[in-house]
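Listed below are the residues making up each chain.
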Amino acid sequence: MEFGAITMKQETIEAELLSYSPCRYGASRMLFRGPRKRLDQPYLAFIGGTETYGKYIEKPYPALVEKAMRQTCVNFGCVNGGIDAFVNDGTVMDICAKADMTVVQIMGANLLSNRFFSVHPRRNDRFLRASTVLQAIYHDVDFSEFSFTRHMLSALHSKSIDRFETVVSELREAWLARMRRMLDQIGENVVLLWFSENEPTNEPWDELPHQMQVDPLFITKEMIDQLRPLVKGLIVAKPSKDALVRGTAGMIYPISQQRAAREMLGVDCHNEAAAVLVPAIRDQLYEI
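In this report, we go over the structure that sits alongside the text.

Cut-off values and rules
- Residues numbered from 1 in each chain as written.
- Predicted model: local features only at pLDDT ≥ 70, side-chain atom pairs only at ≥ 80, totals over all residues.
- Heavy atoms only, no water.
- Salt bridge = Lys/Arg side-chain N within 4 Å of Asp/Glu carboxyl O.
- Buried < 20%, exposed > 50% of the residue type's maximum accessible area, 1.4 Å probe, protein only.
- Disulfide = S-S within 2.5 Å.
- Core = buried A, V, L, I, M, F, W, Y, C linked by side-chain atoms within 4.5 Å.
- Helix = DSSP H or I, 4+ residues; strand = E, 2+ residues; numbered from the N terminus.
- Contact = heavy atoms within 4.5 Å.

What follows concerns the pattern of salt bridges. Considering all chains together, one arrives at eleven salt bridges under this definition. Salt-bridge contacts for R126 lead to D125; the nearest nitrogen and oxygen are separated by 3.8 Å. Judged by its relative accessible area of 32%, R126 falls in the partly exposed class. Residue class for D125 comes out buried when judged on its relative accessible area of 12%. Between D225 and R228 there is a salt bridge, with its nearest N and O atoms 3.9 Å apart. Relative accessible area serves as the criterion here: at 31%, D225 is assigned to the partly exposed category. A single network of salt bridges, built from pairs that share partners, joins K221, D225 and R228.

This brings us to the state of the cysteines. Under the criterion given, the structure shown has zero disulfides. C23 carries a free sulfur, and the closest cysteine sulfur to it, the one in C78, is 13 Å from it. On the basis of relative accessible area, C23 is assigned to the buried category, the value being 9%. Judged by its relative accessible area of 8%, C78 is buried.

I47, F76, F86 and W175 are the most contacted members of the largest nonpolar core, which has 60 residues in total. Sorting elements by how many residues they give to this core places helix α8 (residues 161-186) first, with eleven residues. Apart from residues no more than four positions distant in its own chain, F86 is found in contact with M30, F32, I47, G48, F76, C78, V92, M93, M107 and M182. Counting residues in hydrophobic clusters, the runner-up holds 22 residues, among them L44, L64, M69 and I281.

What follows is the structure in structure tokens.
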């Protein structure tokens, strides 16, 4: 009990370093970054993972877009979230459908439930269970050892590259089906956002350097192209080398989370993403 109290106290202290003003919208069970925005006036909606949420970032790119465009921007970013966190949330889908424009960050194919394994409905990086099909394919793996999808997938990749290709194919098919379902719910006023230090490419994923650490994982340019008829466009926000070199400069985080912060896109990356997004969104709104 005493250890739990100490842990809770530490979490409280660390949380005070940067206020995310967590809030909910309607019947949604998810907590989003606040402050809560009014929805009775024109607004833009942003869906995405940790980058959209802006963990450790005082002004993530949705907030920068809001300031530049002087229009309300609702941040539906979800830490470690994937498509599943949103597509099954009727409240979020309804709010996005009523937005002047919705920006959907392209999230990894590892962050969704599929024929081979299930993930947590909101924390989509959390591995819940392997299906009997996957257990049969990887009969030599103890799936009880895994808590996170990337850790599990990395272990499967190391165990057998040939068998792993079957897993990658399933994840890609599931990702495309889930994306189509989400875009169908939101409607046509959507732009996709590629926010990553890697370019969208059709290169074989296993030939990429540090392939299991690439974000968004397993997503190819060809997959994105299949969604192009369903959206207004694709915005690529690839940080410059200078922005990447700046690393954690300007980020706000407790020293205990320094390693996690180093793996994320920093303040300068968000500034560059907003600089690309603002004119692109304006062009699309003008066309509407």
